There are 2 protein chains.
Amino acid sequence: MGISLARLKGFQKLTSTNKALNKWLNILELQKCEETIISINEALNRVAFSDILAEEDLPRFDKSAVDGYALLSIDMIGASQYKPIILQITDSNQLFSKQATPIWTGNPIPNTADTVVMIENTKRTKSGLEVYIQLPKGGNVSKKGEDVKAGEVGIRSVTRIKPHHLALISALGCNSIKVSRKPKIGILATGNELITSKDTPLNGQIFESNRVMLSGLCKELGCEPLDLGIAKDDSSNISEKLRMGIKNCDAVITTGGTSVGKLDLVPEVVNKIGTPGVIVQGMALRPAMPTGLAIVEGKPLLILSGNPVAAIIGFEVFMRPIIFRMLGLNFESRPIIKGILTRKAPTRLGRKTYLRVRVFQKNDENFVEPISARGSSVISSMTRANGFVVVPANREGVREGELVSVQLFGNVEKIKNDV
Amino acid sequence: MGISLARLKGFQKLTSTNKALNKWLNILELQKCEETIISINEALNRVAFSDILAEEDLPRFDKSAVDGYALLSIDMIGASQYKPIILQITDSNQLFSKQATPIWTGNPIPNTADTVVMIENTKRTKSGLEVYIQLPKGGNVSKKGEDVKAGEVGIRSVTRIKPHHLALISALGCNSIKVSRKPKIGILATGNELITSKDTPLNGQIFESNRVMLSGLCKELGCEPLDLGIAKDDSSNISEKLRMGIKNCDAVITTGGTSVGKLDLVPEVVNKIGTPGVIVQGMALRPAMPTGLAIVEGKPLLILSGNPVAAIIGFEVFMRPIIFRMLGLNFESRPIIKGILTRKAPTRLGRKTYLRVRVFQKNDENFVEPISARGSSVISSMTRANGFVVVPANREGVREGELVSVQLFGNVEKIKNDV
């Protein structure tokens, strides 16, 4: 037990998450992943590597914003509902004074016209086109370059590409764009007790569940997960898989083997395979206290607890910022909404706590219900939740009725009022 | 112009979006897409088709929630920091009174033990293990079935599968799950003016940009888009592509050719290829007024404006609910946050308006800045925005300083305070 007690002492000196993360990032000096050119059909949720400029004005010409008639605004002077002016209709693209030509939304404005009157404000009669309003010059005209001017930035570097960005990129005439390569994240589960769904569990064995969860978290952020499998609690087995991960990935995540007591092999192996190895272990964080941050061959290695909830919180706090750096993003916050706590929840002084909560909406107000769960291994405390409330380390619990900020990771339900 | 004027009159009788959508849904009577079984590695963002039950308790056995020693709580009575009790350490799995056995987080509790004391609350001495606290029976034990009991629902039907759901599914020993098949959505752009990025634009031509945008919107919701290409403003060309879409897809979206004036071919062709054809056209909605809802061979056909912003709003209002029905979901709201309008914005009485806004956070408060844009074709009014404010039809504009609800579709930036 000598080793365990020594480690225990190390663990009791817990590090604040901010201090730990900053130390890790400072030593790592991560560079943005290099660029890769992909088709816009594959670009959803990728991150633009550099500014996308407009080569030409968008729109490329003055065009009509409505269905109606192109004309000269000067000809409309004095027109009203009671006193229409009458213009001659022509199909020519060369308009003269007192003439109008039919035009549909999106059509280029004829050279000599400057305004478009909506069809609703006109009437065709035997004597010509009656126009019932007057408009200023340029009325109902989308000007050349009004959306983006030639040479201007259409999409800024490090934009996360959403469908509306795809529309703009496409409208600028691009069918491929430069994005950051997907960071490749290796994921290794460790533990003699772990089996897969192909196995029949014996007593003491559990189905491994962290790899698919962490893969999902990586995919959501635009990374490519690499499954490094399950390692036994065995130095050489862990070492071999970790080396493979470090060689082939931009970062590696491990789960299990980080508790104070348990064989505690992962940090030991990490320290053997590279320097500086583990730089922080033991966080003033609940759950996820046993999380460790390491660096091997200049690459980040995140040592997570085997408990799924602790693992998800450890990823949230430490892996997201790493991935954002690799993509060149400053930070992407989860959506944050405020709501009223439906009951008090205890937290421990000196530990930043990620409370799992369920937010629901009732009478146009948000209520925040803490999910009760005894252990950090209770996965259903996550599946019943749709957000986190982060309680700072200097608080000892949160009060019923308190207004709190929730970081959402799921859908908010609307509850019908019974009254 | 006879036809156009006739249609114009039809258009002037605009339908409220709720009434239009309900009419469409009522006639459609959509069924949930059938089930398909997929690997959990592919299940992220898919929708569970039916309840996933636990075949066994989770956890499958009483296990330790901490690193420490398994023992009998009765032996701890009276123990304190000043007066430890002393137990004999054993490695046996059969504990007797006054004995304790080392145990790590996740290990099964030995048969005869009932409690675990944390390593921090003990000390190994020559005479045995000193224990400094007393705990109730079951202390630090994760009970069998405490997460999910055998026969209970682990994941409820129509859950959108997120990483934490994958963890639970996996922990239950499943490696494949039943999800709703991806709805297949055909997307057709129409318009003689449209070209692709492979073409060199002549005057009056524009790069088609709606298909990739609508494909992205479909993918985000878990659908499979099918690109039906670009049709010329030509009945037989549109007809042929629409028939192909209807045949191969669960729903079809068209863009362009819906304005009052413009060749107006899409609704005409739709009415020719099937009944009831177009059931509503012209919405009390801004932008996206010219949107049409149709039904062909029992399948929904959404006729969108060619203007990208109108198309995105038309999709938001009418296609999302259709897709949710196909997936079996009631509704998935975008995250909604409240904020203060930084300036007034005009809206037209009698039209529900989707204002594009940029929400930013400053001094822990949310501010909502309306994006100024003249036309519905200004795509950068979307790329500069991160949310919509929906202004109801009975309002005429929104006031500076008003508290509004924003439906978020992008990331909220935190602005540093200069003071």
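Peer 1: How would you sum up the overall build of chain A? Please name residues and give values.
Peer 2: Broken down by element type, chain A carries 8 helices and 27 strands. Radius of gyration (C-alpha) of chain A: 31 Å, far over the 22 Å computed for a compact globule of 419 residues. Summarising its shape, the C-alpha atoms of chain A cover approximately 105 × 60 × 40 Å along the three principal directions. With 419 residues in all, chain A has 56% of them scored as buried. At a minimum sequence separation of 6, the contacts of chain A that also span at least 24 residues come to 73%. Of the roughly 18300 Å² of accessible surface on chain A, 49% is carried by carbon and sulfur atoms. For chain A, the distance from the average position of its 54 positive side-chain charges to the average position of its 41 negative side-chain charges is 6 Å.

Peer 1: Would you mind going over the relation of the copies chain B and chain A in detail, with residue names and values included?
Peer 2: Relating one copy of the chain to the other requires a rotation about an axis plus a shift along that axis. Its rotation angle being 180°, the transformation that places chain B on chain A also includes 0.0 Å of axial translation and leaves an RMSD of 0.1 Å. Interpreted geometrically, this transformation is the action of a two-fold axis. Proximity to the rotation axis, assessed at the C-alpha, singles out Ile 337 of chain B in chain B; its C-alpha lies 2.9 Å from the axis. Most of the interface of chain B is mirrored in chain A, where 100% of its interface residues are also at the interface.

Peer 1: I'd like a rundown of the packing of aromatic side chains, residues and numbers included.
Peer 2: For the structure on display, the rule yields 8 aromatic pairs over all chains. Ring centres of Phe 388 of chain A and Phe 409 of chain A lie 4.9 Å apart, and the angle between their planes is 55°; on these two criteria the pair is classed as tilted. Remark: Phe 409 of chain A occurs in the loop between strand E26 (403–408) and strand E27 (413–414) and Phe 388 of chain A occurs in strand E25 (residues 387–391); sequence separation between them is 21 residues. A residue is classified by how much of its surface remains accessible, and Phe 409 of chain A, at 10% relative accessible area, is buried. Centroid distance Tyr 354 of chain B to Phe 388 of chain B: 5.4 Å. Interplanar angle 75°. Geometry classified as edge-to-face. Note that Tyr 354 of chain B is positioned in strand E23 (residues 352–362) and Phe 388 of chain B in strand E25 (residues 387–391), a separation of 34 residues in sequence.

Peer 1: Talk me through unusual backbone geometry; I want residue IDs and the actual numbers.
Peer 2: All names here are of chain A. Cis peptide bonds are those with omega within 30 degrees of zero, and the linkage from Leu 58 to Pro 59 qualifies with -5°. Among the structural elements, Pro 59 can be located in the loop between strand E2 (52–53) and strand E3 (63–64). For Asn 363, which is not glycine, the phi torsion reads 50° and is therefore positive. You can see Asn 363 is positioned in the loop between strand E23 (352–362) and strand E24 (365–370).

Peer 1: How would you summarise the interface of chain B and chain A if you had to cite specific residues and measurements?
Peer 2: Chain B puts 81 residues into the contact, and the matching count from chain A is 81 residues. Overall, the association of chain B and chain A removes approximately 6900 Å² of surface from exposure, summing both partners, and the carbon and sulfur fraction of that is 59%. Lys 338 of chain B serves as the salt-bridge partner of Asp 364 of chain A, at 3.5 Å between the closest nitrogen and oxygen. Our count for the chain B to chain A interface comes out at 20 residue pairs in polar contact (both at pLDDT 80 or more). Among the elements of the structure, helix H1 (2–12), strand E10 (141–142), helix H3 (163–171), strand E15 (206–207), helix H4 (210–220), strand E22 (336–341) and helix H8 (380–383) of chain B are those that each provide at least two residues to the side of chain B that touches chain A. Considering every element that reaches the side of chain B that touches chain A, the biggest residue donor is H3 of chain B, with 8 residues.

Peer 1: Go over the pairing of strand E20 (residues 292–296) of chain A, please, and point to the residues and values.
Peer 2: Residue and element names in this part refer to chain A. Counting buried positions along E20 yields 5 of 5 residues, so the element is predominantly enclosed. By the alternation rule, side chains of E20 split into Gly 292, Ala 294 and Val 296 and Leu 293 and Ile 295, which are all buried. Sheet topology places strand E18 (residues 276–281) next to E20; 5 bridges connect them, and they run antiparallel. Bridged to Gly 277 within E20 is Ile 295. The antiparallel pairing of E20 with strand E21 (residues 299–304) creates a hairpin that spans 2 residues between the two strands, and Glu 297 there sits at a positive phi of about 50°.

Peer 1: Explain the environment of Arg 334 of chain B to me, using residue names and the numbers behind them.
Peer 2: Residue and element names in this part refer to chain B. For Arg 334, the location among the structural elements is in the loop between helix H7 (308–327) and E22. For Arg 334, a relative accessible area of 15% translates into the label buried. It is 9.4 Å that separates the C-alpha atoms of Arg 334 and Gly 387, two residues lying 53 residues apart in sequence. Those residues within four positions of Arg 334 in sequence are excluded, and the remaining contacts are Glu 316, Arg 320, Phe 388, Gln 407, Leu 408 and Phe 409. One polar contact links Arg 334 to Glu 316, side chain to side chain, over a distance of 2.8 Å.

Peer 1: Outline helix H2 (residues 17–28) of chain A, supporting the account with residue identities and numerical values.
Peer 2: Residue and element names in this part refer to chain A. Look at H2: 16 Å from first C-alpha to last across 12 residues, which is about the 16 Å you get at 1.5 Å a residue. Every buried residue belonging to H2 is among Thr 17, Ala 20, Leu 21, Trp 24, Leu 25 and Leu 28, and all of these are buried. Projected down its long axis, H2 shows its buried positions confined to an angular sector of 125°, all on one face. Residues Lys 19 and Asn 26 are exposed on H2 and point more than 90 degrees away from its buried face. Of the surrounding secondary structure, the elements contacted by the buried residues of H2 are E18, strand E19 (285–286), E20, E21, helix H7 (308–327) and E23. Directly beyond the C-terminal end of H2, a positive phi value near 45° is found at Glu 29.

Peer 1: Could you give an account of the pattern of salt bridges, naming the residues involved and the relevant values?
Peer 2: One pass over the full model with this rule turns up 30 salt bridges over all chains. Of the charged contacts, one joins Glu 316 of chain B and Arg 320 of chain B as a salt bridge, the two residues approaching to 3.9 Å between their closest N and O atoms. Of the two residues, Glu 316 of chain B and Arg 320 of chain B both sit in helix H7, 4 residues apart, roughly one turn of that helix. Exposure remark for Glu 316 of chain B: the relative accessible area of 9% places this residue in the buried category. Salt bridges here are not isolated pairs; linked through shared partners, they connect Glu 34, Arg 181 and Asp 250 of chain A.

Peer 1: So, the sheet that holds strand E16 (residues 224–231) of chain B: which residues are in play, and what are the values?
Peer 2: All names here are of chain B. On the basis of which strands lie adjacent, the open sheet formed by 6 strands has the order E16-E13-E17-E21-E20-E18 and mixed pairing. Lying at the two open borders of the sheet, with one neighbouring strand each, are E16 and strand E18 (276–281). In this sheet, neighbouring strand axes are inclined to one another by 20° on average, regardless of whether the strands run parallel or antiparallel. Relative to strand E21 (residues 299–304), strand E20 (residues 292–296) is paired through 5 bridges, and the arrangement is antiparallel.

Peer 1: Outline the state of the cysteines, listing residues and values.
Peer 2: This model, assessed by the stated rule, comprises 0 disulfides over all chains. Summary of cysteine pairing: Cys 249 of chain B is not part of a disulfide, and the nearest cysteine sulfur, belonging to Cys 218 of chain B, is at 9.7 Å.

Peer 1: Summarise the packing of helix H5 (residues 235–248) of chain A against helix H6 (residues 265–273) of chain A; cite the residues concerned and give the values.
Peer 2: Residues and elements named next belong to chain A. Look at H5 against H6: their axes get within 10 Å of each other, and the N-to-C directions meet at 60°. The orientation of H5 with respect to H6, classified from their angle, is oblique. When you trace H5 past H6, the crossing you get is right-handed. Of H6, the residues touching H5 (which contributes Ser 235, Ile 238, Ser 239, Leu 242 and Arg 243) are Leu 265, Val 266, Val 269, Val 270, Lys 272 and Ile 273.

Quick notes on the rules
- Residues numbered from 1 in each chain as written.
- Chains lettered and ligands numbered in written order.
- Predicted model: local features only at pLDDT ≥ 70, side-chain atom pairs only at ≥ 80, totals over all residues.
- Heavy atoms only, no water.
- Helix = DSSP H or I, 4+ residues; strand = E, 2+ residues; numbered from the N terminus.
- Rg over C-alpha atoms; globule rule 2.2 N^0.38 Å.
- Buried < 20%, exposed > 50% of the residue type's maximum accessible area, 1.4 Å probe, protein only.
- Contact = heavy atoms within 4.5 Å.
- Areas by Shrake-Rupley, 256 points an atom, 1.4 Å probe, with all protein chains shown as cover.
- Lys, Arg positive; Asp, Glu negative; His and termini not counted.
- Charge placed at Lys NZ, Arg CZ, Asp CG, Glu CD.
- Least-squares fit on C-alpha atoms with pLDDT ≥ 70 in both.
- Phe/Tyr/Trp six-rings, centres within 6.5 Å; stacked < 30°, edge-to-face > 60°.
- Buried area = accessible area lost by both parts, 1.4 Å probe.
- Salt bridge = Lys/Arg side-chain N within 4 Å of Asp/Glu carboxyl O.
- Polar contact = N/O pair within 3.5 Å; in protein donor to acceptor, adjacent residues only side chain to side chain.
- Pairing = 2+ DSSP bridges.
- Expected span 1.5 Å × (residues − 1).
- Arc of directions from axis to C-beta.
- Axes fitted to C-alpha atoms, helices over the stretch in contact; angles between N-to-C directions.
- Disulfide = S-S within 2.5 Å.
- Parallel < 35°, antiparallel > 145°, perpendicular 65-115°, else oblique.
- Left-handed = near helix turned anticlockwise from the far one by under 90°.

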